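Here is what each chain is made of, one letter per residue.
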Amino acid sequence: MEQNEKISIKAKGINSGYNIKSNGLVDVKIEFDATQLVKLLGILQLAGNEFVAFAKLDGDKVKLGKFNFYGMNIDRDGDAKITLRSAVEDVNLAVVDALYGQQEAIMFAFIMA
């Protein structure tokens, strides 16, 4: 991948939680239904690269932080769950916490520049 190439992926999903490990790493999990799968597969392009994650919360675009792609699981119905990993100091935990418990799907954007 070229250094100046910009990749942007947008998909609607639901925050399914996060955890902070004792070594200072944060895992954020986001669930997407099968209708978003084609859009979401583009996130595989970000593997091995740091990117910035955003979400639309109450109509405002908010920055979740800088992350690395950690993993993706796709079930037999086509629903997917991705895991993003980052150091705790690179994550806006207040925003991630505010997303937890949202019952409706919100737009997420993953951008690498």
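How each quantity is defined
- Residues numbered from 1 in each chain as written.
- Predicted model: local features only at pLDDT ≥ 70, side-chain atom pairs only at ≥ 80, totals over all residues.
- Heavy atoms only, no water.
- Phe/Tyr/Trp six-rings, centres within 6.5 Å; stacked < 30°, edge-to-face > 60°.
- Helix = DSSP H or I, 4+ residues; strand = E, 2+ residues; numbered from the N terminus.
- Buried < 20%, exposed > 50% of the residue type's maximum accessible area, 1.4 Å probe, protein only.
- Lys NZ or Arg CZ within 6 Å of the ring centre and 35° of its normal.

Undergrad: Honestly, the packing of aromatic side chains in this entry has me stumped. Any pointers?
TA: For any pair of aromatic rings, geometry is given as the distance between the ring centres together with the angle between the planes. One pass over the structure, following the stated rule, counts 2 aromatic pairs. Arranged with centres 6.2 Å apart and planes meeting at 75°, the rings of Phe32 and Phe108 form a pair that is edge-to-face. One end of the pair, Phe32, is in strand β2 (residues 25-32); the other, Phe108, is in strand β6 (residues 106-112), and 76 residues separate them in sequence. Like Phe32, the residue Phe108 is buried in the burial classification. For the pair Phe51 and Phe110, a centre-to-centre distance of 6.0 Å together with 85° between the ring planes defines the contact as edge-to-face. Of this pair, Phe51 sits in strand β3 (residues 50-57) while Phe110 sits in strand β6, and the two are 59 residues apart along the sequence. The exposure classification of Phe51 matches that of Phe110, with both residues buried. When the ring centre of Tyr70 is taken as origin, the NZ or CZ atom of Arg85, which lies over that ring, is 3.7 Å away.

Undergrad: Which parts of the structure should I look at to understand the environment of Glu5?
TA: Structurally, the position occupied by Glu5 is in the segment before β1 (7-20). Overall, the relative accessible area of 34% leaves Glu5 in the partly exposed class. A sequence separation of 107 residues divides Glu5 from Met112, and the C-alpha atoms of the two residues are 8.1 Å apart.

Undergrad: Can you walk me through the environment of Ala47 in this structure?
TA: As for its position among the elements, Ala47 is in the loop between α1 (37-40) and β3. Accessibility expressed as a relative area gives 40% for Ala47, which makes it partly exposed. Separated by 24 residues in sequence, Ala47 and Gly71 place their C-alpha atoms 8.8 Å apart.

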